[in-house]
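# Breakdown of the fold
The chain contents come next:
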Amino acid sequence: MKVRLTVKAKIVHLTKVKRRLLETEYWNFQRFLHGERDVPLYSAYKQQGRRRYKKVNPGKEYPLPIRKDLIRIERRDTKIAKYWARIPVKGRRGGVWVAIKPHRPIEPDMEICETLLLRKNGEWWLHIVVQKEVKEPKPNPHRIITIDIGDRNVAAKVELVDGEVQKPKFYGRGVRGIRRHYDWLRRRLGEKKLLKVIKRIGRKEHRKVDDLLHKISRDIVNRAKESGATIVIGDLKGIRKKNRGKTLNRIVNRMPYHRLTQYIRYKAEWEGIPVLMIPEYNSSRICHRCGEEGKRVSQGLFKCLNCGLEYNACLLYTSDAADELDGV
């Protein structure tokens, strides 16, 4: 099967002429999207703009889409950069060759798909969508890594290897600290009516949390690749619809469940690692030995009132995942 991911590449060492050509093409594309039709713009960008952006919000900037047959990426290993990209522009035969610095290597077996040119904080970036062929992953019921996503710890990882449960590993407690700090900061800035600063620190908070989520997902996927395990994630679909009160609703709504799940899935798919989603409903209350409802003595301890079994609450979900995979 074919899998895709996006390589983020910063455009570096732009000359004045190349910068002017890129800026002219980019801003002419924005003018075209916002209603001006008679603008000097590469014709393929007009077609892509109509196809990609059906509705356009006034004053908003949109990435310039470059078709896969028009973008060209080469590895040259020069002193300036290892990778170069050719971007077509109006009035310049052969386009503009620019040096790029991708966040990961672009391998020869990767097929280049559509690319986006965008501007971020005064810098130019290419978001290059690449794809490659990988073998269809097959779930392994004897080697499982289960991921339980929560609030206090963003993710709890438990490994089941040939019937033996490994010690749980907890990730992302720092996310809670980051959010508490920025919540406090927003309250103080709100008292001073500094709305622009509040917006700016919100972006900074998002970047910090995002960086942690990427590191967590990479560690999980690397471990699954090393052990040949199947990754099982608890499906929390619909969790935000339940009314738990103002405080609990705020906590649940800010859980980075979707983002972390997506990061794990696309990284795992790229490595050919199977990822399954299993509903978590009642998994934290039902004893896997006798099937009766038990009690959470504490956040991390489960006790069955029927058979007396006690164990780490993370293991409840792991046992459910093993039972589910036996039928796959």
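Here we summarise the structure given alongside this text.

Definitions and limits used
- Residues numbered from 1 in each chain as written.
- Predicted model: local features only at pLDDT ≥ 70, side-chain atom pairs only at ≥ 80, totals over all residues.
- Heavy atoms only, no water.
- Helix = DSSP H or I, 4+ residues; strand = E, 2+ residues; numbered from the N terminus.
- Buried < 20%, exposed > 50% of the residue type's maximum accessible area, 1.4 Å probe, protein only.
- Contact = heavy atoms within 4.5 Å.
- Areas by Shrake-Rupley, 256 points an atom, 1.4 Å probe, with all protein chains shown as cover.
- Polar contact = N/O pair within 3.5 Å; in protein donor to acceptor, adjacent residues only side chain to side chain.
- Expected span 1.5 Å × (residues − 1).
- Pairing = 2+ DSSP bridges.
- Axes fitted to C-alpha atoms, helices over the stretch in contact; angles between N-to-C directions.
- Parallel < 35°, antiparallel > 145°, perpendicular 65-115°, else oblique.
- Left-handed = near helix turned anticlockwise from the far one by under 90°.
- Nonpolar A, V, L, I, M, F, W, Y, C, P; charged D, E, K, R; others polar.

## Quick notes on the overall build of the protein
Helix and strand counts for the protein stand at seven helices and 16 strands. By residue count, 42% of the 328 residues in the protein fall in the buried class. For the protein, the proportion of contacts with a sequence separation of at least 24, taken over those separated by at least 6, is 58%. Counting only carbon and sulfur atoms, one obtains 49% of the accessible surface of the protein, whose full area is about 19400 Å².

## Re the side chain of E159
Tracing the backbone shows E159 in strand β9 (residues 155–161). Looking at E159, its side chain comes within polar contact range of the side chain of R223, at 2.9 Å.

## Considerations on helix α1 (residues 16–33)
The end-to-end C-alpha separation of α1 is 26 Å, in line with the 26 Å expected for 18 residues at 1.5 Å each. Of all the residues in α1, the buried ones are L21, L22, E25, Y26, N28, F29, Q30, F32 and L33. The positive-phi residue at the C-terminal boundary of α1 is G35, with phi of around 115°.

## What to know about the pairing of strand β7 (residues 123–133)
Among the 11 residues of β7, nine are classified as buried, and the element is accordingly described as predominantly covered. Where strand β6 (residues 111–120) meets β7, eight bridges bridge the pair, whose relative direction is antiparallel. When the bridges of β7 are listed, K120 appears paired with E123. Counting the residues in the hairpin turn of β6 and β7 gives two residues, including N121, whose phi is positive at 55°.

## Digging into helix α4 (residues 195–227)
Taking 1.5 Å per residue, 33 residues should reach 48 Å; α4 reaches 49 Å between its end C-alpha atoms and fits that length. Of all the positions in α4, only I198, I201, E205, V209, D210, L213, I216, S217, I220, V221, A224 and S227 are classed as buried. Looking at the residues trailing α4, positive phi occurs at G228, about 65°.

## Regarding the packing of α1 against helix α2 (residues 43–52)
Describing two packed helices takes the angle between their axes plus the distance from one axis to the other. Across the interface, α1 lies against α2 with an axial gap of 10 Å and an inter-helix angle of 45°. The angle between α1 and α2 falls in the class oblique. Our pair here, α1 against α2, has a crossing hand that is right-handed. Between α1 and α2, the contacting residues are E25, F29, F32 and L33 on the first element and Y45, K46, G49 and R50 on the second. For the contact of α1 with α2, the class distribution of residues is four nonpolar, one polar and three charged.

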